[in-house]
Amino acid sequence: MAGIDIVHTHSLPRDKARKAVEQVAKKLSERFDVEYDWDGDVLNFARSGVDGRIALQPKQLHVTASLGFLLSALKGPIEAEIRRVLDEKF
């Protein structure tokens, strides 16, 4: 099973960072048809073949995801899209 592990630094206050993470999740939802929900300061996202989370911390985000067999072939484009959206929002 392929995995994604991204640490992205930020300097936003917690409320603004949380709103930005929500926007990232919406983009992922539109692009990859994932569903998401918050559990404290962790946004969990999933769909068939992918299970992941974005942990919101004071100065960084930690994005982790496990990709199933079929989506592991798309690891590069998925990771690139996550990084692009993180750069755009943070």
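Preceding block: the structure.
All values derive from a computational prediction rather than experimental measurement.

Criteria and cut-off values
Residues numbered from 1 in each chain as written. Predicted model: local features only at pLDDT ≥ 70, side-chain atom pairs only at ≥ 80, totals over all residues. Heavy atoms only, no water. Pairing = 2+ DSSP bridges. Helix = DSSP H or I, 4+ residues; strand = E, 2+ residues; numbered from the N terminus.

Draft legend 1. Quick peek at the pairing of strand β3 (residues 42-47). Pairing analysis gives 5 bridges linking strand β2 (residues 35-39) to β3, with the strands arranged antiparallel. When the bridges of β3 are listed, Asp37 appears paired with Asn44. A loop of 2 residues connects β2 with β3, the two strands running antiparallel in sequence, and Gly40 in this loop sits at a positive phi of about 70°. In this structure, β3 lies alongside strand β4 (residues 50-56), joined through 6 bridges in antiparallel fashion. Within β4, the position partnered with Phe45 by the bridge is Gly52. The antiparallel pairing of β3 with β4 creates a hairpin that spans 2 residues between the two strands, and Gly49 there sits at a positive phi of about 95°.

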